[in-house]
Amino acid sequence: MEVIDLRSDTVTKPTAEMRKAMAEAEVGDDVYGEDPTIHKLETIAAQIIGKEAALFVPSGTMGNQVAAMTHLSRGEEVILEAESHMFYYEVGGLALLSAAQTRTIPGKKGFMEPEAIAQAIRGEDLHFPRTGLLCLENTHNRAGGTVLTPAQIGAMAQIAHDRGVPVHLDGARIFNAATALGIDVRELTAPVDSVMFCLSKGLGAPVGSLLAGTKEFITKARKNRKVLGGGLRQAGILAAAGIIALEKMVDRLAEDHYRARLLAEDLANIPRLMIDPKAFPTNILICSVAKLGISAERFSALFAQHGILTNPTSPTEIRFVTHKDVSEAQIRITSNVINQIVKAVNHF
Ligand SMILES: *Cc1c(COP(=O)(O)O)cnc(C)c1O
């Protein structure tokens, strides 16, 4: 059976060109600073993302956590959006690794009102923790791949900077945001002090993310990566795929967005499924099945039997993620199968 895997863009397989580059990569011991392919990736990444320096890390989670460890001192407070990945999906790493306390602010599509951020930043008081970091997320995963504009990021970062609080951007899918807005990614990263982005999602590399910031920040971050066990040896094999991800795979993200739009429009036409295609500007869709009378988990299990894989994100919602390994034809198959299943469910 043909599998159409819409669970995440992390499922993308490396391209033939990546595998060839990996096989041919020049390598050395990166803990000794001797891997030329890692150096090349970090140099290209810093330039593209508009920061002084970058650090290759095995995963986005490690990149975010290393950033937090580098910005924070023990017992400080971190301000995050209430549905953010760093709060929701990073295994309590802020508490575990940075000894930080989290303070969440509900956002709209990842945007927190600057006024709410201003109120959350602690003043001087014997009883208060110090506010040590503001975290932003673009695109916003749980909101459905929604996009923050440079003006929105600038407004949130400004409030923090005015009070001496640094800003980290979880930009796992920052190139999807830049693509949707039709702007240079540096417009989105200029207002923040550090940014993490993933090579292993829509960009198709098998492994890896980058953390970027000032030279001084990255020097400290390198030490924090080491303590987490992220000091890698002949990792140029991985970096070789990452270089192709950055140089060849960014421009095609618009295709993923187009296919997500097609799928959203098809799903919107299926009776009793609820989705607003305009609400999802990138490659992530969230569709409500609340009117179907069965749970998202049961419904998704019905089309999983036809090889169509998705992730339920709540009892009434299913997430679909498009990526380079799902074709337009497979999008049409997906909506046809789901349409048939909805008809069958209506007869239960
Ligand atoms: C995927 C993701 C991460 C973490 O990446 P991993 O490589 O899976 O650890 C961080 N933030 C966001 C918003 C993500 O979507």
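Residues numbered from 1 in each chain as written. Predicted model: local features only at pLDDT ≥ 70, side-chain atom pairs only at ≥ 80, totals over all residues. Heavy atoms only, no water.

Chemist: Please explain the overall build of the protein as it appears in this structure.
Modeler: Of regular secondary structure, the protein possesses 14 helices and 12 strands. Taking 2.2 N^0.38 as the reference for a compact globule, 348 residues should give roughly 20 Å; the C-alpha atoms of the protein span a radius of gyration of 21 Å, in line with that estimate. In terms of its C-alpha atoms, the protein occupies a principal-axis envelope of roughly 60 × 55 × 35 Å. Considering the protein as a whole, with its 348 residues, one finds that 55% of them fall into the buried category. Long-range pairs, those at least 24 residues apart, make up 75% of the contacts in the protein with a sequence separation of at least 6. (Helix = DSSP H or I, 4+ residues; strand = E, 2+ residues; numbered from the N terminus. Rg over C-alpha atoms; globule rule 2.2 N^0.38 Å. Buried < 20%, exposed > 50% of the residue type's maximum accessible area, 1.4 Å probe, protein only. Contact = heavy atoms within 4.5 Å.)

Chemist: How should the sheet that holds strand E9 (residues 284–288) be read in this particular structure?
Modeler: Paired through backbone hydrogen bonds, the strands of a sheet run either parallel or antiparallel to each other. Spatial ordering of the open sheet is given by E9-E12-E11, a layout of three strands whose pairing is antiparallel. Strands with a single pairing partner mark the edges of an open sheet, and in this sheet they are E9 and strand E11 (311–314). Strand-to-strand, the axes of this sheet are offset by a mean angle of 35 degrees, without reference to chain direction. Alignment of E9 against strand E12 (residues 317–321), held across five bridges, turns out to be antiparallel. Residue Ile286 lies in a different strand from E12, and its bridge partner there is Arg319. Of the strands in this sheet, E11 and E12 touch helix H13 (residues 296–304), which is tilted by about 45 degrees from E12. (Pairing = 2+ DSSP bridges. Axes fitted to C-alpha atoms, helices over the stretch in contact; angles between N-to-C directions.)

Chemist: Could you clarify how one ought to interpret the pattern of salt bridges in this entry?
Modeler: Any two side chains of opposite charge can pair, so long as their charged atoms come close to each other. Tallying each qualifying case throughout the model produces 20 salt bridges. Linking Glu42 and Arg222 is a salt bridge whose minimum nitrogen-to-oxygen distance equals 3.5 Å. Of this pair, Glu42 sits in helix H2 (residues 36–49) while Arg222 sits in helix H10 (residues 215–227), and the two are 180 residues apart along the sequence. Within this structure, Arg252, Glu255, Asp256 and Arg259 form a network of salt bridges that share partners. (Salt bridge = Lys/Arg side-chain N within 4 Å of Asp/Glu carboxyl O.)

Chemist: Where do I start with the pairing of strand E6 (residues 167–170) in this structure?
Modeler: Regular strands place their side chains on alternate faces of the sheet. Neither face of E6 is open: one carries Val167 and Leu169, the other His168 and Asp170, and all of them are buried. Pairing between strand E5 (residues 131–137) and E6: four bridges, direction parallel. Of the residues in E6, the one forming a bridge with Glu137 is Asp170. Read from E5 through helix H7 (residues 150–162) to E6, the crossover connection turns out right-handed. As defined by bridge partners, E6 adjoins strand E7 (residues 194–198) across three bridges and the pair is classed as parallel. In the strand pairing of E7, His168 is matched with Ser194. (Right-handed = clockwise from strand over helix to strand, strands pointing away.)

Chemist: Whenever I open this one, the sheet that holds E6 confuses me. Can you help?
Modeler: Pairing is mixed in the open sheet, where seven strands are placed in the order E2-E8-E7-E6-E5-E3-E4. This sheet does not close on itself; its edge strands, each paired only once, are strand E2 (53–57) and strand E4 (101–105). The mean angle between the axes of side-by-side strands here comes to 20 degrees, regardless of whether they run parallel or antiparallel. Its contacts with the sheet place H2 against E2, E7 and strand E8 (209–213), and it is angled at close to 125 degrees to E2.

Chemist: Can you walk me through the pairing of E5 in this structure?
Modeler: Across the seven residues that make up E5, a large majority, seven, are buried. Pairing analysis gives three bridges linking strand E3 (residues 77–81) to E5, with the strands arranged parallel. Following the sheet pairing, Val78 is matched in E5 by Leu133.

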